Amino acid sequence: LVNIGITNMGFDWGGGLSVSENGDIFLSEEENHLIIRIDGSTGRSEIYAGTSGVRGATNGARRQSSFNVPRGLMHDRDGSLLIADTLNRSIRKIDRGGQVSTIANLRCGPMGLDRDSNGFVYVVGDRECGGFIYKIGQGAIYDDGSKSINLNVPGGISGQPLFAANSTISIS
């Protein structure tokens, strides 16, 4: 990773890791607002998407795109890479052709992604607005945003879950 052109080496992986069907490893690098790809065959790494050190929400070609603290990653059924773009409060997609698009805008920062056996994508959010779980295309399936939140109380809301700052989700 040292020789891929990142000037600020203060890596913060953010918990985003996804492996493609051909074995390539993708990591979210939130310090520099990048997606890193490690070739599953050779081990060579590259900046896959984003512009090093540049925060933004630019869609288009993956190397001209920009992110703002990318965290959770996952591959969908079509092989596209989905990104929880936390501070843009959106879910972004890099299709097989290398084009970045925004597929969902959320009221709070998304942290983790997963999909069920039917291909539906679920998103878990940070504690900024209370915990939430969102099903893309169907809306919130759990949302604590309307409750009074006290981050000084363990759990934030008495008797209710409150997701930690680096929450993720797993569907079984």
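Structure: see above.
None of these values were measured; they are calculated from a predicted model. (Residues numbered from 1 in each chain as written. Predicted model: local features only at pLDDT ≥ 70, side-chain atom pairs only at ≥ 80, totals over all residues. Heavy atoms only, no water.)

Engineer: Tell me about the environment of I47, and name the residues and values.
Structural biologist: Examined against the element boundaries, I47 turns out to sit in strand 4 (residues 45-49). Residue I47 is classed as buried on the basis of its relative accessible area of 6%. Residues I47 and E29, 18 residues apart in the sequence, show an inter-C-alpha distance of 9.7 Å. (Helix = DSSP H or I, 4+ residues; strand = E, 2+ residues; numbered from the N terminus. Buried < 20%, exposed > 50% of the residue type's maximum accessible area, 1.4 Å probe, protein only.)

Engineer: Break down the sheet that holds strand 10 (residues 110-115) for me, citing the residues and quoting the values.
Structural biologist: Sheets are built from strands paired through backbone hydrogen bonds, the pairs being either parallel or antiparallel. Taken in spatial order, the 4 strands make up an open sheet running 10-11-12-13, and their pairing is antiparallel. Each having just a single partner strand, strand 10 and strand 13 (139-143) make up the two edges of the open sheet. In this sheet, neighbouring strand axes are inclined to one another by 25° on average, regardless of whether the strands run parallel or antiparallel. As defined by bridge partners, strand 11 (residues 121-125) adjoins strand 12 (residues 132-135) across 3 bridges and the pair is classed as antiparallel. Across the sheet, the residue bridging to V124 is I133, located in strand 12. (Pairing = 2+ DSSP bridges. Axes fitted to C-alpha atoms, helices over the stretch in contact; angles between N-to-C directions.)

Engineer: Describe the sheet that holds strand 8 (residues 90-94), listing the residues and the values that go with them.
Structural biologist: Spatially, 5 strands are ordered 5-9-8-7-6 in an open sheet, and the strand pairing comes out antiparallel. A strand with exactly one partner marks an edge of an open sheet, and here the two such strands are strand 5 (60-61) and strand 6 (70-75). Here strand 8 runs beside strand 9 (residues 99-105); their pairing, made up of 5 bridges, is antiparallel. Opposite R92, over in strand 9, you have T102 as the bridge partner.

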